[in-house]
Amino acid sequence: MAENHDIFKENLSAYALGVLDSEEASALEAHLRTCDECRSELEDYQHLASGLLTALPPQNPPARLKSSLQKRLQGEQRSARPAFSWSLNRTLITGALVLLIALNIVSVFEVVSLKRDQAGLIGEYGSNQTAIAMLAYPSTQSMAFEQNGISGSLLVDKTRNLLAVFAWHLPPTPAGKTYQMWLIDPQGDRTSGGFIKPDSDQPFVMAVIRSPQPLTSFVGLGITLEPSGGSPKPTGPKILRVDF
Ligand SMILES: [Zn+2]
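None of these values were measured; they are calculated from a predicted model.

**Student:** Even after reading the chapter, I still don't get the pattern of salt bridges, so can you show me in this structure?
**Tutor:** Taken as a whole and assessed by the stated rule, the structure comprises five salt bridges. Measuring nitrogen to oxygen at the nearest pair gives 3.8 Å for the salt bridge that ties glutamate 41 to lysine 9. Residue glutamate 41 is found in helix H3 (residues 36-55), and its partner lysine 9 is found in helix H1 (residues 2-16); the two are separated by 32 residues along the sequence. Across the pair aspartate 243 and arginine 241 runs a salt bridge, and its minimum N-O distance is 2.9 Å.

**Student:** Before we go on, may I ask you to explain the coordination of the zinc ion in this structure?
**Tutor:** Think of it this way: four donors in a tetrahedron around the metal ideally sit 109.5 degrees apart, and six in an octahedron ideally sit 90 or 180 degrees apart. Distances from the zinc ion to its protein donors, namely His5 (ND1), His31 (NE2), Cys35 (SG) and Cys38 (SG), fall within the range 2.0 to 2.3 Å. Taken together, the four donor atoms coordinating the zinc ion span angles of 103 to 117 degrees at the metal, a pattern that classifies the geometry as tetrahedral. Look at where the donors of the zinc ion fall in the sequence and you get H-x25-H-x3-C-x2-C. One end of the pair, histidine 5, is in helix H1; the other, histidine 31, is in helix H2 (residues 22-32), and 26 residues separate them in sequence. As far as the burial class goes, histidine 5 and histidine 31 line up, both buried.

**Student:** Even after reading the chapter, I still don't get the pairing of strand E7 (residues 220-227), so can you show me in this structure?
**Tutor:** In summary, the side chains of a regular strand alternate between the two faces of the sheet. Burial of E7 is extensive: seven of the eight residues sit out of reach of the surface. Pairing analysis gives eight bridges linking strand E4 (residues 177-184) to E7, with the strands arranged antiparallel. Across the sheet, the residue bridging to threonine 178 is glutamate 226, located in E7. The pairing of E7 with strand E8 (residues 238-243) spans five bridges and is classified as antiparallel. Pairing of glycine 222 across the sheet is with arginine 241, part of E8.

**Student:** Honestly, the sheet that holds strand E6 (residues 204-210) in this entry has me stumped. Any pointers?
**Tutor:** Note: strands within a sheet are paired through backbone hydrogen bonds, in either parallel or antiparallel orientation. The four strands are arranged E1-E2-E3-E6 in an open sheet whose pairing can be described as antiparallel. Either end of the sheet is taken by a strand with one partner, and the two such strands are strand E1 (141-147) and E6. For this sheet, the mean angle separating the axes of adjacent strands, direction not counted, is 15 degrees. In terms of strand pairing, strand E2 (residues 150-157) meets strand E3 (residues 162-168) through seven bridges, oriented antiparallel.

Rules behind the numbers
- Residues numbered from 1 in each chain as written.
- Predicted model: local features only at pLDDT ≥ 70, side-chain atom pairs only at ≥ 80, totals over all residues.
- Heavy atoms only, no water.
- Salt bridge = Lys/Arg side-chain N within 4 Å of Asp/Glu carboxyl O.
- Helix = DSSP H or I, 4+ residues; strand = E, 2+ residues; numbered from the N terminus.
- Donors = N, O, S within 2.8 Å, 3.2 Å for Na, K, Ca; no water.
- Tetrahedral: all angles 85-135°; square planar, octahedral: opposite > 155°, others 65-115°.
- Buried < 20%, exposed > 50% of the residue type's maximum accessible area, 1.4 Å probe, protein only.
- Pairing = 2+ DSSP bridges.
- Axes fitted to C-alpha atoms, helices over the stretch in contact; angles between N-to-C directions.

Have a look at this one:
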């Protein structure tokens, strides 16, 4: 294994100086039995070490010096030990990845919910703009209604096939239900005009219907309470009916 060979090679000088700890020394000795390159390099170190020793008067190094050298060498070995840094890096990288993925998921949810809010606001803003514009059109008819404790007004623009409903005190939508609006033709057939959703923060609610057919082919607007998601034809209790 090339990687281990490199680590052992770095430890050769410490081994030659006799400062490698016993565990590492025996691992290196095992490697030396299989590696010619390390063996020959060790011989060079040993010649160098014995040369140094014979060049100097024989003297045991102070224990403090030896242990500090040992520590320094061990520190260097440790920082060069790939197994250690690999597992540390892997832990850090895995942790960072998990964190990034988690943050990404949170961001995606936030973006989705922001987009939903934005779409709702844009829709609301568009409805408000349409209603304001309708009020300004000379052709818009306006009629007031009061039924079942719900009062309000209906704006009908037959030239632009637009209809706006303003309703006061429409009760909050019951769970699992929705208020569905219907355009009523002279035969009594109903065409869905979408939904009207009371806002708990406001006592009134406004909805705009862009009629799929000329508004002249209808004679009234109805509101019924339907299961969530709406119905193709009215099935629930009638909440309101305004003729125009
Ligand atoms: Zn080797």
